[in-house]
2 protein chains.
Amino acid sequence: MTDLSTDPYKGVRDFYPTDWARMQAMFTRMRATLAQWGYEEYAASPLERAELYEAKTSEEIVSEQTYTFTDRGDRRVTLRPEMTPTLARMIAGKRREMPLPARWFSIPNVFRYERPQKGRLREHYQLNVDLVGAGSAEADLEVITVATDLLKSFGAKESDFVVRVNSRALLTAACTAAELNAEASRAYLHLLDKKNKMPAEEFAAAQAAITAKDPLALIEDAGTSPDVAREKKALLDTIEALARRGVGNAVFDPTLTRGFDYYTGIVFEIFDTNPENPRALFGGGRFDRLVALFGGDPIPAVGFGMGDVTLADFLLTHGLTVADTDGRPELYLGTPSPEDIPGAQAFAATLRAQGSRVFVNLTEKNLGDQIKDAVKRGIPLFLAYGANEVASQTVRMKVLATGEEVGLPVSELPLRLRTGS
Amino acid sequence: MTDLSTDPYKGVRDFYPTDWARMQAMFTRMRATLAQWGYEEYAASPLERAELYEAKTSEEIVSEQTYTFTDRGDRRVTLRPEMTPTLARMIAGKRREMPLPARWFSIPNVFRYERPQKGRLREHYQLNVDLVGAGSAEADLEVITVATDLLKSFGAKESDFVVRVNSRALLTAACTAAELNAEASRAYLHLLDKKNKMPAEEFAAAQAAITAKDPLALIEDAGTSPDVAREKKALLDTIEALARRGVGNAVFDPTLTRGFDYYTGIVFEIFDTNPENPRALFGGGRFDRLVALFGGDPIPAVGFGMGDVTLADFLLTHGLTVADTDGRPELYLGTPSPEDIPGAQAFAATLRAQGSRVFVNLTEKNLGDQIKDAVKRGIPLFLAYGANEVASQTVRMKVLATGEEVGLPVSELPLRLRTGS
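The rules behind each value
Residues numbered from 1 in each chain as written. Chains lettered and ligands numbered in written order. Predicted model: local features only at pLDDT ≥ 70, side-chain atom pairs only at ≥ 80, totals over all residues. Heavy atoms only, no water. Least-squares fit on C-alpha atoms with pLDDT ≥ 70 in both. Contact = heavy atoms within 4.5 Å. Axes fitted to C-alpha atoms, helices over the stretch in contact; angles between N-to-C directions. Helix = DSSP H or I, 4+ residues; strand = E, 2+ residues; numbered from the N terminus. Parallel < 35°, antiparallel > 145°, perpendicular 65-115°, else oblique. Left-handed = near helix turned anticlockwise from the far one by under 90°. Salt bridge = Lys/Arg side-chain N within 4 Å of Asp/Glu carboxyl O. Buried < 20%, exposed > 50% of the residue type's maximum accessible area, 1.4 Å probe, protein only. Buried area = accessible area lost by both parts, 1.4 Å probe. Polar contact = N/O pair within 3.5 Å; in protein donor to acceptor, adjacent residues only side chain to side chain. Phe/Tyr/Trp six-rings, centres within 6.5 Å; stacked < 30°, edge-to-face > 60°. Lys NZ or Arg CZ within 6 Å of the ring centre and 35° of its normal.

A. Representation of the relation of the copies chain B and chain A. If you rotate chain B by 180 degrees and push it 0.0 Å along the axis, it lands on chain A with an RMSD of 0.0 Å. Such a combination of turn and shift is consistent with a two-fold rotation axis. Identified as the residue of chain B closest to the rotation axis by C-alpha distance is Phe69 of chain B, at 3.3 Å. Interface overlap between copies is the fraction of interface residues in one copy that are interface residues in the other; for chain B against chain A it reaches 100%, indicating a shared surface.

Shown next as structure tokens:
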């Protein structure tokens, strides 16, 4: 028999403890910031009925980018490519009993069948933040502010990123003013979304087939259209209000559309200002008609998503780090001989009962090699615990970063570990 | 168009915020206990190459209980039914560079295509704890002690559960002593694993077809077999050592085998002592030959898994609860009129900057209805923030559980929230 491969499935990641500690540190920071805004975490299975993505809930309409299969009971199942349809389904499922507005977030893994390349995996984690049941500009303002607060909570400055804002309602009104019909308007919005992914000439030709104008010209030439004037004012008011609330880096971008058909109002993306990192970090917008696909009256909603890979790239680019050692062992308990292990475990139990994180040696290595092992594992403190220590009830604790050693009674150790000194 | 269904896919769960808070509280407790033992968290994608389960890594050999499908690149993909093969794959992948022993845990969701019924979902979360690279009895002792510590960390007493322990090595030696060949031995172990799932007569008949003896008789009648004597002594020594370390509820159960073929030594299960809850809470054992299926020398390993559904049942049965309000909003900021919302958001920003979790009203409800909304959401404190409060720089904070109100300067509020009084 040949050996089994140790590779993971193509395009997905293994998270070894140091990798996962970094992910968890990002998630912990997000959770803390969102809790301060009153957002509560929800979750769902990655398995969804395929029909959820075949209605108008998603751009992933029987797309080549979804994982869809048939189960043994002949049900068509999709691994969720995004969280918003699930959010809408869950809100709709409890709309009668649930207090609205709901401030919700989730950090699901989402799946797309893509050719693996830098930053484009088949599975990634995506923070989703949504404010459901509030249709006001206040709700738009809050969600965009939350998005910027998240980046600031990681230490980012306003000069590190820019918030590009547009309005689907404004674009649609401008298309109507330019006498594009519904089909042409929709084609125009889809084309704009693909602009950065196609050669300039190809884009220009495709645009010319619909209208001679770029989006800004379309909006500015709308003349006396009251819809265009109203939506433009609303959008510029929002950008001004953002500045008053401490979001000074929001700008109007008439070419921004977002891919999803479900957006109805404001749309926004947050970009890294570093030109080497040109992808959107966040994308979101208002989707006031999605929940009603499950029945009942429309429930307005606004939200955004952010992927773990782009966030990690952003943090790296700007030299921002997140402490990821919270759950790691703080003390390595060495054993002079294997016979000392039961005693060391008993001693460790008393330290654990007082909240310490203790790693006990189980090997037959000598103490010198155990110290090397502690260093390799990144555990900051070492002490040997054997017959001498049991007899004297004193230990010598070694700070591995400095080599410094301190002798102390065992009774003082828990306090030393708690205070980290 | 008919409305979309709000149901999740069959056999999986939606986690609304209160449901997920309960799950996260369980996970947080597990993480804290395991960190104290020096265990570090890892993770992996639920997507695995199907071949991982088709070798001897698992009982799920092309089983009807796995979700397996073919991707668009003609790769056969399985949604992991258990975590141990992934653990072995990841350890094997870095065996040259990784310090051993490794103390690892993970809390993956795992998938089985089962007929949904109480406690048997198609997806559940399963804590996996493994100690890899240590073959000693000390390692067995540690892992079983960790399992019991986890239950105790939730407030369980020893009288609430029992640890049933057996040894695959002992059973195998007893089969050999009884002159069963390898095939008959394996059939016998599989039969024992199924004992509780089949009628007594059917089991007796199937056992009689292999040997006249039950496992205890098989062991006790082994006479002078040195293998049986050695393995039996090792197992009883382990049970005695557990008692010395504070695990007084471990018992020898010669009929315990566990379903997986990969076990090689000690096997154990933890059962609820409540007779109405007869399922195993934890199951685990030693699997010293699994990692070597990926090449190289064997790396000994011992570990266990525990499902979220059985744990939650156990906690409920024994009246044990886990605080799940850590991330919930603590203050509802009411707005006398919608014009007060921007001011309330600005005030909330100052509270958030000092660590408070604040929910701001965005609706046009009157204050009385906002208070009802706060109660419905379970937010403990309420205060209105409008023009009067801005002018006077004082607020009246209402404790919703008691109706008590206290007036205080806005400057004192952050401290009051921090100290919870």
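B. Representation of the packing of helix 1 (residues 17-36) of chain B against helix 3 (residues 137-153) of chain B within the structure. Residue and element names in this part refer to chain B. Between helix 1 and helix 3, whose axes approach to 10 Å, the crossing angle comes to 135 degrees. The orientation of helix 1 with respect to helix 3, classified from their angle, is oblique. Crossing of helix 1 against helix 3: the hand is right-handed. Along the contact surface, helix 1 presents Arg29, Met30, Thr33 and Leu34, while helix 3 presents Val146, Asp149, Leu150 and Ser153.

C. Representation of the pattern of salt bridges. Tallying each qualifying case throughout the model produces 49 salt bridges over all chains. For Arg258 of chain B, the salt bridge is made with Glu269 of chain B, and the minimal N-O distance between the two is 2.8 Å. Taken together, the residues Arg258 of chain B in the loop between strand 11 (250-252) and strand 12 (266-272) and Glu269 of chain B in strand 12 connect sequence positions 11 residues apart. Take Glu269 of chain B: its relative accessible area is 11%, and that puts it in the buried class. Ionic contacts of the salt-bridge type, sharing partners, join the residues Asp14 of chain A together with Glu48 and Arg89 of chain B into one network.

D. Spatial organisation of the interface of chain B and chain A. The partner chain A presents 91 residues to the 91 residues of chain B that form the contact. Note on chain B versus chain A: buried area summed over both sides is about 8200 Å², and carbon and sulfur give 58% of it. At the surface where chain B touches chain A, the tally comes to 6 salt bridges. Across the salt bridge formed by Arg328 of chain B and Glu40 of chain A, the nearest N and O atoms sit 2.5 Å from each other. In this structure, the connection of chain B to chain A is made through 40 residue pairs in polar contact (both at pLDDT 80 or more).

E. Molecular detail of the side chain of Gln126 of chain B. With respect to the helices and strands, Gln126 of chain B occurs in strand 9 (residues 123-132). Residues contacting Gln126 of chain B, with those up to four places away along its chain left out, are Met83, Ser106, Ile107, Pro108, Val110, Gly305, Met306 and Gly307 of chain B.

F. Representation of the packing of aromatic side chains in the model. In the structure shown here, the tally under the stated rule is 33 aromatic pairs over all chains. Ring centres of Trp104 of chain A and Tyr16 of chain B lie 5.7 Å apart, and the angle between their planes is 80 degrees; this geometry places the pair in the edge-to-face category. Of this pair, Trp104 of chain A sits in strand 7 (residues 102-106) while Tyr16 of chain B is found in the loop between strand 1 (14-15) and helix 1, placing the two residues in two different chains. A relative accessible area of 4% places Trp104 of chain A in the buried class. Site record: aromatic cluster; members linked through ring pairs are Tyr67, Phe69 and Tyr113 of chain A together with Tyr67, Phe69 and Tyr113 of chain B. Above the face of the Tyr16 of chain B ring, Lys94 of chain A is positioned so that its terminal group lies 4.5 Å from the ring centre. Taking NZ or CZ as reference, Arg103 of chain A lies 4.3 Å from the ring centre of Phe359 of chain B, over its face.

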